[in-house]
Amino acid sequence: MEFYAKSPVFELPEDKKNQLAGKIQNAIQILKDDLSENDLAILEGYKARLSKNAVVTGHKTLQEHLDDTVKCAESFFRLYGNYFSEKEKMLILHACSLHDIGKANYIFQTKVNHELADGHIKGIGQIPHGFLGALTLSKKDFLCRHPECNEDDFSVLLTAIYYHHNRPDIYSGKELENYCEKYYLGYVRKYLSNENISLYFGNRNKLLFSDQNQKGQLSVDEDLWCEYMLVKGMLNKFDWTVSAGYDEAELAVDAGNKKLRHNVEKILSGHFRPAQVFMADNRNENVIVIAPTGSGKTEAALLWINGEKGFYTLPLKVSSNAIYQRVKEKYKFKDVALFHSDSMNSYLLESPEDVEDGYKNYEQAKLFSYPLTVCTVDQLFRFVYKALGTEIFAATLKYSKIVIDEIQSYSPKIVAALIFGLTEVKKMGGKFAIITATFPPILKFFMKKNKLMEGRDYIYKDFSNTALALRHRIRMIKGDFNIDGIMEDASAKKILIICNTVSKAQKVYSGIRDKYPETGLLHSRFIRADREILEKRIMEFSDDESKTGIWVTTQIVEASLDIDFDILHTEMCTADSLLQRMGRCNRAGKKSTDEPNVIVYDNESGRGKIYDKDIYDRSADLLGKYDGKMISETDKVSYMNGVYDTEWIKKTKYYMQIEDNLRHFRNLRPLEYDAEKAKDDFRNIRSITVIPESIYNQNYDFIQEMQTFLNTPHMDKGIRQILKSRLAALTMNLNINYGIPEGIDKGTIGTFDIHRTRLEYDFDGYTGRGLLLDKMEDESFFV
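Let me begin by describing the structure that accompanies this report. (Residues numbered from 1 in each chain as written. Predicted model: local features only at pLDDT ≥ 70, side-chain atom pairs only at ≥ 80, totals over all residues. Heavy atoms only, no water.)

Moving on: the overall build of the protein chain. For the protein chain, the count of helices and strands is 31 helices and 21 strands. Counting the 783 residues in the protein chain, one finds 56% classified as buried. Expressed as a percentage of contacts within the protein chain between residues at least 6 apart in sequence, the contacts between residues at least 24 apart total 77%. (Helix = DSSP H or I, 4+ residues; strand = E, 2+ residues; numbered from the N terminus. Buried < 20%, exposed > 50% of the residue type's maximum accessible area, 1.4 Å probe, protein only. Contact = heavy atoms within 4.5 Å.)

On inspection of all chains with the given rule, the structure shows 43 salt bridges. A salt bridge links R587 to D562, with the nearest nitrogen and oxygen atoms 3.1 Å apart. Separated by 25 residues along the polypeptide, R587 in the loop between helix 23 (575-582) and strand 15 (598-602) and D562 in the loop between strand 13 (549-553) and strand 14 (567-571) bring together distant segments of the chain. Judged by relative accessible area, which is 21%, R587 ranks as partly exposed. The class for D562 is partly exposed, based on a relative accessible area of 49%. Between E647 and K650 there is a salt bridge, and its shortest N-O distance comes to 3.4 Å. On the accessibility criterion, K650 (31% relative accessible area) is partly exposed. (Salt bridge = Lys/Arg side-chain N within 4 Å of Asp/Glu carboxyl O.)

This part covers the pairing of strand 18 (residues 732-735). Side-chain alternation along strand 18 places M732 and L734 on a buried face and N733 and N735 on a face that remains uncovered. The pairing of strand 17 (residues 687-692) with strand 18 spans four bridges and is classified as antiparallel. The residue of strand 18 that forms the bridge with I688 is L734. (Pairing = 2+ DSSP bridges.)

This next bit is on the packing of helix 10 (residues 222-243) against helix 18 (residues 412-428). When two helices pack together, their arrangement is captured by the angle between the axes and the distance separating the axes. Here helix 10 crosses helix 18 at 75 degrees, and the two axes come no closer than 10 Å. Relative to helix 18, the element helix 10 lies roughly perpendicular. Side by side, helix 10 and helix 18 meet where E222, D223, W225, C226, M229 and L230 of the first sit next to F420, E424, K427 and M428 of the second. Class assignment of the residues belonging to the contact of helix 10 with helix 18 gives a composition of six nonpolar, no polar and four charged. (Axes fitted to C-alpha atoms, helices over the stretch in contact; angles between N-to-C directions. Parallel < 35°, antiparallel > 145°, perpendicular 65-115°, else oblique. Nonpolar A, V, L, I, M, F, W, Y, C, P; charged D, E, K, R; others polar.)

In this structure, A249 sits in the loop between helix 10 and helix 11 (259-268). Separated by 121 residues in sequence, A249 and Y370 have C-alpha atoms that sit 8.9 Å apart. Those residues within four positions of A249 in sequence are excluded, and the remaining contacts are C72, K237, F238, T241 and S369.

Here strand 4 (residues 310-314) lies mainly inside the structure; five of its five residues are buried. Along strand 4, one buried face is formed by G310, Y312 and L314 and the opposite face, lined by F311 and T313, is buried too. One ladder, built from five bridges, connects strand 4 with strand 6 (residues 372-376); its direction is parallel. Within strand 6, the position partnered with T313 by the bridge is C375.

So, on to the sheet that holds strand 12 (residues 519-522). The sheet built from seven strands is open, its strands ordered 12-13-11-14-15-10-16 with mixed pairing. The sheet terminates laterally at strand 12 and strand 16 (630-631), the two strands that pair on one side only. Where strand 12 and strand 13 come together, four bridges link them in parallel fashion. For L522, the partnering residue across the bridge sits in strand 13 and is T553. Lying on the sheet, helix 22 (residues 528-543) is in contact with strand 11 (494-498), strand 12 and strand 13; it crosses strand 13 at an angle near 140 degrees.

Attention now moves to the nonpolar core. Counting residues in each nonpolar core, the largest one holds 200 residues, and the members touching the most others are F381, I497, I550 and V552. Setting aside its immediate chain neighbours within four residues, F381 contacts I402, I404, A417, L418, G421, L422 and F682. Residues M279, A291, L303 and F463 belong to the second largest nonpolar core, which totals 38 residues. (Core = buried A, V, L, I, M, F, W, Y, C linked by side-chain atoms within 4.5 Å.)

In structure tokens:
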């Protein structure tokens, strides 16, 4: 009897191919006005490929899969073996060689080998093969063969195999024994050609954690947990790589050639700034670097990575996209990956002529196969929740360098996750660099509290005094925006207004637009397609030296868009946000500062609701020192340090949230979170996806065709993703932390998790107010 690892993939019958081609042709006709030329080319290309012979993936035997997984691991260790101890490599290879042995059970084999079709077993559920495979491990044999290991190491190996898929263990001991007796023991003996094989049901009691007998509620020693994450995470990496049809877990390794580093050095032409020199010299250390705007932080980070496997993390998708494009285009380094919740669409747009190539690039980005990945932190640090399936993140960071840009931009919960996560990364052997314009002392306090000590575990360096130009002069005003005064300046200057809420931004915009038509508005309450138009417009406005006028925005420009205005009018906020906002004004320090160019309005907007009221008040009080004066980069650091002074801030909610979340992560037990719950909790954003009624009606035919098209069997994954992304472009995410506004349907559109809303949506293709929460659409307009 031959044992197989998975089912074969058959070529579609001719009638099915013709049916699919007809569906695609119909979609092209209906969607041609809604899709880009690239998207239409993708659809046409896929239709053409249906006429060719499809590649058939034949049966892969179980032994072939296990051998390929081991080969993948061995090939990896030839590149990165020096990052691992001999014992770690042995445990990982051992897990790779045995992880799927539980597939040698009769029920599984009937599902992947149609020649074994057996009507008598119809309806019998199979016990996950990871559970079965772990029962074949003998602790006595393992310890005899590996005297360098102890019982804890055996438990790590056992648990990695047992839970290498994310399956709940709902089976009693009796159920497991009965299943093994009927469907597993005899077959695994045949597979191994060894009639003496025994099953060790007591192994379940040796697992590090379990759904059974409340053992999952026990904590696991952190060192042991890190060892488990390493073995399980690397097993998943190699298994998933081979299962996806790839031979190598790592692509285009840059550690030898250091192409990216050399390209950066070539661009800099030997003119290194102080922060860049420091990070290049300390490439083998963990570092925290304070570097103001214009210090060349991005280049400094890439020099520090030095060709090793790296991750460059940022707070927002927009800023991640910008760094990704910068690395590819400015530094001519094509082997960089982009990974965030919308990155699939970026890959498809890069390969319009070949959907499969775009999807392949996305798949390999998810496997962390590239030498450099630009991503948002939520894609990496979910492992702090101890959820099954997140171990690969920590395991990959063991042999990587991670850059965290602008850590002060994150919420207290994410700050806690980062600090706790960096503690584990350091424990496992990975390297980190935090690069930021300001670094609140409270963060250093919590790092020390979590055993990350300056001088021992990282080097701290402040380059705020190296800024050559003074860029900002402050004026504080008690009250609201002086719209008439702002409009007077707008005829000769670029004016940026930042409001703390969308509703306030809409109100300010409405008050200006009628009197001053050259006014733009950007916030989060536009559908994605329109927001992209507005982001492009504000960038072009910023870059065009001949343009003057006004843009009204919200916090979304703080760290996401590389824009530069002459004058900033902003509502007061907390110090970290305020300094980020200042970075959108006079970035190069070449504009006049004879008159105040940062005007701050203390009107208490968002105080206590968006911003912690105590930190808001302290930020406003300490800013008063600079009213009417220049504020240097060193002053900004002192200002930030004063606001986030460790002793003072201990009394605030901000401090308590970081402390409580750090305690939560320390005390978390395995299996408390699943991967999906961990992702949602990390982001901590309560939102729903909505489509304005006017947009829905304008695109009715497109949406109906989408529902039919996406429900078509055998449709290519890349094609599905393209169409989903086009539908997503017609929607927006609406924050519901403060409740769901009236005028939003409770039900969703078909199978899409999208709600229609009768709230008015205002955008004319160039400008507009976006979604108005206080105004319904005129329903008679749609009759």
